[in-house]
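# Survey of secondary and tertiary structure
What follows is the residue order along each chain.
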Amino acid sequence: MSRDDLARYRALVFDCYGTLIDWEGGIWAAAQPLLLANRRTDISRSALLQAFSRAESDAQAETPDCPYPGILERAHREIAAALGLETSGPLDRAFGASVPDWPAFEDSATALRLLATRYHLFVLSNVDRAGFAGSAARLGVTFDGVMTAEDVGSYKPDLRGFHAILEWLERDFGLAPGDILHTAQSQFHDLVPAARLGLATAWIDRQRLSEGGDWGATAVVAEQHRPDFLFFSLAEMATAVRSVPERRAAPA
């Protein structure tokens, strides 16, 4: 699509972690006590994030009703095992409670404020409510609505969350699927499943996977979804939106 087509949408549904919050930086920082306790300086950020991506996606698929701190605790134990490290209950629990400490990307707050003048902003996130509340305080906007894995009882890429938020947005806000632009970094968690439901997608490709970048903490998909819009930062998307003539109607 042309970037002028950004004007056709009334709402953005965001993934949060990897898109708005620097979850890879947060994960790496939260894993430092484990590396320090084991006196290991030879484990690279890339190796640890790859171990995380496998552990997290397995835990979410196998225990979809487990709150996200529990998912992270299990992932921490599995990261330790995969990398030959010794962990402990306190280390696992500290990692599980780390989400509110994960930093926002530098462009997130400013870009969100601009986007909020043009769209209604929603979040569909693979965390619990308490974890998201900590992150929301870093983002500087009030979202029109937030739905978490805790609300749904499943984790993306499972489609239940997408079905639940689409039903909610239509029932309570008068937004049809065609009004919505799903905006996310993760091919695995967001873009591929959103495309399966026929949603328009904007890829915030911070890792430049479209140019051969590193998958980082995100599980690999066999074939990348080609989004309707591609941006390498949220700031780039906000700049593109600002250049498009406004056409926005409030939800019923």
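Residue positions within a chain follow its written sequence, with the count starting from 1. In keeping with the predicted nature of the model, local features appear solely for residues at pLDDT of at least 70, side-chain atom pairs appear and are counted solely at 80 or more, and the whole-chain, interface and lining totals rest on all residues. Only hydrogens and water are set aside when side-chain values are computed; all heavy atoms of the structure are taken into account.

## Looking at the packing of helix 6 (residues 108–115) against helix 11 (residues 234–242)
The criterion, for reference: Convention adopted: a line fitted to C-alpha atoms gives each axis, helices being fitted over their contacting stretch, and angles between N-to-C directions are expressed from 0 to 180 degrees. Working definition: helices are DSSP H or I runs of at least four residues, strands are E runs of at least two. Numbering for both runs from the N terminus. Reported orientations rely on four angle classes, namely roughly parallel under 35 degrees, roughly antiparallel over 145, roughly perpendicular from 65 to 115, and oblique for the rest. Throughout, a crossing is termed right-handed when the near helix is turned clockwise from the far one, and left-handed when it is turned anticlockwise from it by less than a right angle. By definition in these notes, contact holds between two residues if any of their heavy atoms fall within 4.5 Å.
Here helix 6 crosses helix 11 at 25°, and the two axes come no closer than 9 Å. Between helix 6 and helix 11, the crossing angle belongs to the class labelled roughly parallel. Crossing geometry of helix 6 relative to helix 11 is assigned as left-handed. On helix 11, the residues that touch Ser108, Ala111, Leu112, Leu114 and Leu115 of helix 6 are Leu234, Ala235, Ala238, Val241 and Arg242.

## Structural notes on the nonpolar core
Cut-off, in case you're wondering: By nonpolar core we mean a set of buried residues, namely Ala, Val, Leu, Ile, Met, Phe, Trp, Tyr and Cys, connected to one another through side-chain atoms within 4.5 Å. Exposure is judged per residue with a 1.4 Å probe applied to protein chains only, and the accessible area is read against the type maximum: over 50% gives exposed, under 20% gives buried, and values in between give partly exposed.
In this structure, Phe14, Phe52, Tyr68, Trp102 and Phe143 are the most contacted members of the largest nonpolar core, which totals 59 residues. Apart from residues lying up to four places away in sequence, Trp102 is in contact with Tyr17, Ile21, Asp22, Trp23, Gly26, Ile27, Ala30, Tyr68, Leu72 and Arg138. Within the second largest apolar cluster, 16 residues are counted, among which are Met147, Phe173, Leu175 and Ile180.

## Structural notes on the confidence of the model for the protein
Counted only if it meets this: Values of pLDDT, the confidence the predictor places in each residue, fall between 0 and 100.
The predicted model of the protein averages 95 in pLDDT, with 98% of residues at 70 or higher. Scored below 50 in pLDDT, residues 248–252 makes 16 contacts in the model with residues more than four places away or belonging to other chains.

## Quick notes on the sheet that holds strand 3 (residues 145–148)
Note the threshold: In this analysis, strands are considered paired if DSSP registers two or more bridges between them.
Overall, parallel pairing links the six strands, which are arranged 3-2-1-4-5-6 in an open sheet. Since the sheet does not close on itself, it has two edges, and those belong to strand 3 and strand 6 (229–231), each with one partner. Averaged over neighbouring strand pairs, the angle between their axes works out to 20° when direction is ignored. Strand direction decides the pairing type here: strand 2 (residues 120–125) and strand 3, joined by four bridges, are parallel. Opposite Leu124, over in strand 3, you have Met147 as the bridge partner. Strand contacts of helix 10 (residues 187–196): strand 4 (180–184) and strand 5 (200–204), with the helix running at about 155° to strand 5, the strand carrying the most contacts.

## Quick look at the environment of Ala94
Note on placement: Ala94 falls in helix 5 (residues 89–96). Assessed through its relative accessible area of 49%, Ala94 is described here as partly exposed. Along the chain, Ala94 and Pro69 lie 25 residues apart, while their C-alpha atoms are 9.2 Å from each other.

## A word on the pattern of salt bridges
The condition is simple: The rule for a salt bridge is simple: a side-chain nitrogen of Lys or Arg has to be within 4 Å of a carboxyl oxygen of Asp or Glu.
Per the stated rule, a full pass over the model turns up 15 salt bridges. A salt bridge links Arg3 to Glu236; its shortest N-O distance comes to 3.1 Å. Pair noted here: Arg3 is in the segment before strand 1 (11–14) and Glu236 is in helix 11, with a separation of 233 residues, a long-range link. Residue class for Arg3 comes out partly exposed when judged on its relative accessible area of 38%. The exposure class assigned to Glu236 is partly exposed, which follows from its relative accessible area of 25%. Residue Arg171 is joined to Asp172 by a salt bridge in which the shortest nitrogen-to-oxygen separation is 3.0 Å. Overall, the relative accessible area of 39% leaves Asp172 in the partly exposed class. Each of Asp15, Lys156 and Asp190 takes part in salt bridges that share partners, so that together they form one network.

## Details of the packing of aromatic side chains
Worth spelling out the cut-off: Note on aromatic pairs: the rings of Phe, Tyr and Trp (six-membered ring only in Trp) are paired at centre separations within 6.5 Å, and the planes decide the class, stacked below 30 degrees, edge-to-face beyond 60, tilted for the rest.
Considering all chains together, one arrives at nine aromatic pairs under this definition. Arranged with centres 5.6 Å apart and planes meeting at 85°, the rings of Trp23 and Phe52 form a pair that is edge-to-face. Of the two residues, Trp23 is situated in helix 1 (residues 23–30) and Phe52 in helix 3 (residues 45–62); the sequence distance between them amounts to 29 residues. Ring geometry for Phe122 and Phe173: centres 4.9 Å apart, planes at 75°, overall edge-to-face. You can see Phe122 sitting in strand 2 and its partner Phe173 sitting in helix 9 (residues 160–173), a full 51 residues away along the chain. Residue Phe173 is classed as buried on the basis of its relative accessible area, which comes to 18%.

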